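Letter by letter, the chains look like this.
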Amino acid sequence: MTQATGWNLWDWPFFEPRHAELASRLRAWQQQARPEPEPRTASPYLASECRAMAGELAQWGLLDYVLPDAEGRIDVRAICVIREALAYRSPLADNVFVMQGLGTAPLWLAGNETLKARYLEGCRRGERIAAIAVTEPEAGSDVAAIATSARPTQGGYLLDGEKIWITNAGVADQYVVLARTSDQASRGLSAFLVDADAPGLDIGPPIEMIAPHPIAGLSLNNCFVPDSHLIGELGQGFKLAMATFDVFRTSVGAAAIGMARRALDEALARVIDRRLFGKAMAELEGVQAKLADMCLDAEAGALLVYRSAWARDVRGGRLSREVALAKLGATEAAQRVIDAAVQLFGGQGVSSGCIVEQLYRDIRPLRIYEGASEVQKLVIARTLIAAQREQRAPA
Ligand SMILES: Cc1cc2nc3c(=O)[nH]c(=O)nc-3n(C[C@H](O)[C@H](O)[C@H](O)COP(=O)(O)OP(=O)(O)OC[C@H]3O[C@@H](n4cnc5c(N)ncnc54)[C@H](O)[C@@H]3O)c2cc1C
């Protein structure tokens, strides 16, 4: 299916001509990329598929967007446009794309020149696969609770601990690992670059998720990393992880919108073709109302996403509310759109392998990772309360 909805947004004030040009490249990708459907599970196959996909995305020049350009700039609007298009066709391709950014961002934000020279270009070319290991069995939403330790030793650090739900674990060539270097809560965390073949790093068995996703746990047992692999300064790890999510969290909403648009297009095709009670389903008023609700959700989500991306690229300043609204609004909206599409498909909608059934599974994790919906609500509410208090404070 070629995307019918959403390609007419280039006259929105958020965009510049380069974004329209990028969109035409993405349209070509949508038409020429590997055939659907993508693999559904089977983890060993998934790993090689992800590697091949990274090479393909690099060839299309898309991985250039998840790493900074020659002037050190990141174009968040472009990342969102790309994620929307990739997720529309292949949520797995979208995941491969964004992980090259998430897994390298601490490096390009704060890494020393040697680390950057050694690790970034291979990721841009799709030859190296990146990962970021923050979450632990007892530290998910509460990042400051990380217990993995990094003890100084001759020439470096010894890392000990467990990480869980690490995308690209077992596929990646390199991991950014957050570990505790002092007991000062979030200020006691530091970031390290760990090679996949570092002695003492063990990868757990692949975890089968609700939708195809390369993911596993990591075990660090006296895992040695040299001093030169400390990213930024000691104690900067939490800040670096937050800065990384700050760049990419809006784009989770963009991926969600891509999936929502796909569901809407699939549903439109279905209701036009399917006859019910002697006429096309599309003629039923209840169906039309559902389509309108789906369109409203998709467009409102897209507006939140591109406003946030524009604000990051152009306006700058404190953007936590815009980013949280974009992630929360778009992912929750996309879940509703996809659920409605499944409903419109009837029995076929819940049959294994139907596109909307796949989307129903693909969308679900987006409301959990990179800050669950509940966490985004806290961020939004706290910024509102703080702003009101600021206004009340005597000058
Ligand atoms: C597909 C997928 C890929 C992932 N990839 C990575 C990765 O590459 N690297 C990495 O480090 N991690 C990764 N994660 C982990 C992800 O970041 C965590 O799952 C997420 O932060 C939530 O942590 P948790 O699972 O421990 O849930 P918990 O922190 O235990 O939270 C459980 C639930 O509690 C609710 N909740 C949380 N806080 C609040 C609150 N303050 N008030 C009310 N309710 C609340 C939310 O609904 C949340 O879903 C991935 C997860 C998934 C599902």
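Residues numbered from 1 in each chain as written. Predicted model: local features only at pLDDT ≥ 70, side-chain atom pairs only at ≥ 80, totals over all residues. Heavy atoms only, no water.

**Points about the site of the ligand**
Of all residues adjacent to the ligand, which total 19 residues, the nearest are Val134, Thr135, Ser141, Trp165 and Glu374. Val134 is positioned with one of its backbone polar atoms (N or O) 2.8 Å from an oxygen atom of the ligand. Considering the ligand on its own, with 970 Å² of exposed area, one finds that the protein chains cover 67% of that surface. Secondary structure elements with two or more residues in the shell around the ligand: strand S1 (130–133), strand S3 (156–167) and helix H11 (373–392). Inspection of the shell around the ligand shows a minimum of three residues originating in each of domain 2 (130–234) and domain 3 (239–392). (Near = heavy atom within 4 Å. Polar contact = N/O pair within 3.5 Å; in protein donor to acceptor, adjacent residues only side chain to side chain. Areas by Shrake-Rupley, 256 points an atom, 1.4 Å probe, with all protein chains shown as cover. Helix = DSSP H or I, 4+ residues; strand = E, 2+ residues; numbered from the N terminus. Domains from an automatic or database assignment.)

**Comments concerning the packing of aromatic side chains**
Tallied over the entire structure, the rule returns 7 aromatic pairs. For the ring pair Trp12 and Tyr306, a centre distance of 6.4 Å and an interplane angle of 75° mean the geometry is edge-to-face. Of the two residues, Trp12 is situated in the segment before helix H1 (17–32) and Tyr306 in helix H8 (residues 285–315); the sequence distance between them amounts to 294 residues. Overall, the relative accessible area of 1% leaves Tyr306 in the buried class. Taking the centre distance of 6.3 Å and the plane angle of 50° together, the rings of Phe14 and Trp310 count as tilted. (Phe/Tyr/Trp six-rings, centres within 6.5 Å; stacked < 30°, edge-to-face > 60°. Buried < 20%, exposed > 50% of the residue type's maximum accessible area, 1.4 Å probe, protein only.)

**A word on the nonpolar core**
Within the largest apolar cluster, 85 residues are counted, with the highest numbers of intra-cluster contacts made by Phe97, Leu159, Phe192, Val194, Phe248 and Tyr306. For this core, the element with the most residues is helix H3 (residues 76–89), which contributes 8 residues. When neighbours within four sequence positions are excluded, Phe192 is seen to be in contact with Ala150, Tyr157, Leu159, Tyr175, Val176, Val177, Ala179, Thr181, Val225, His229, Leu230 and Ile231. By size, the runner-up hydrophobic cluster in this structure holds 29 residues, among which are Met259, Val287, Val337 and Ala340. (Core = buried A, V, L, I, M, F, W, Y, C linked by side-chain atoms within 4.5 Å. Contact = heavy atoms within 4.5 Å.)

**Here we look at H11**
For H11, built from 20 residues, the straight-helix expectation of 28 Å at 1.5 Å per residue is met to within 8% by its first-to-last C-alpha distance of 29 Å. Restricting attention to buried positions, one finds in H11 the residues Ser373, Gln376, Ile380 and Thr383. Summarising the axial view, the buried residues of H11 lie within an arc of 90°, below the 170-degree limit, and thus occupy one face. Exposed side of H11, more than 90 degrees from the buried face: Glu374, Arg382, Arg389 and Arg392 are the residues found there. The elements touched by buried residues of H11 are helix H7 (237–273) and helix H9 (320–345). (Expected span 1.5 Å × (residues − 1). Arc of directions from axis to C-beta.)

**Things to note about the domain arrangement of the protein chain**
The assigned domain composition of the protein chain is domain 1 (9–124), domain 2 (130–234) and domain 3 (239–392). Contacts between the two partners involve 24 residues from domain 1 and, on the opposite side, 21 residues from domain 2. A combined buried area of about 1,900 Å² lies between domain 1 and domain 2, and 62% of that area is made up of carbon and sulfur atoms. Of all residues in domain 1, Arg51, Met99 and Tyr119 give up the largest surface area on contact with domain 2, accounting jointly for 25% of the area buried on that side. Note that Arg51 and Asp173 form a salt bridge whose closest N and O atoms lie 2.9 Å from each other. Those elements that provide at least two residues to the side of domain 1 that touches domain 2 are helix H2 (43–59), helix H4 (91–102), helix H5 (105–110) and helix H6 (113–124). Within the side of domain 1 that touches domain 2, the residues separate by chemical class into 13 nonpolar, 8 polar and 3 charged. (Buried area = accessible area lost by both parts, 1.4 Å probe. Salt bridge = Lys/Arg side-chain N within 4 Å of Asp/Glu carboxyl O. Nonpolar A, V, L, I, M, F, W, Y, C, P; charged D, E, K, R; others polar.)

**Concerning the pairing of strand S5 (residues 189–195)**
In terms of burial, S5 is a largely internal element, 7 of the 7 residues being buried. Alternating positions in S5 separate into two faces, Leu189, Ala191, Leu193 and Asp195 on one and Ser190, Phe192 and Val194 on the other, with burial throughout. Inspection of the sheet shows strand S4 (residues 174–180) paired to S5 by 7 bridges, in the antiparallel sense. Looking at S5, one finds that Leu178 is bridged to Ala191. In this structure, S5 lies alongside strand S8 (residues 230–231), joined through 2 bridges in antiparallel fashion. Opposite Phe192, over in S8, you have Leu230 as the bridge partner. (Pairing = 2+ DSSP bridges.)

**Brief notes about helix H10 (residues 355–363)**
Of all 9 residues making up H10, 7 are buried, and the element is well covered by its neighbours. The set of residues buried in H10 consists of Val356, Glu357, Gln358, Leu359, Arg361, Asp362 and Ile363. On the buried face of H10, the contacting elements are H4, H7 and H9.

**A short note on the pattern of salt bridges**
The final tally for this structure, using the stated rule, is 22 salt bridges. Among the salt bridges present, the one from Arg124 reaches Glu121, with a minimum N-O distance of 3.2 Å. One end of the pair is Arg124 and the other is Glu121, both in helix H6 and 3 residues apart, which spans about a single turn. Given the relative accessible area of 35%, Glu121 is considered partly exposed.

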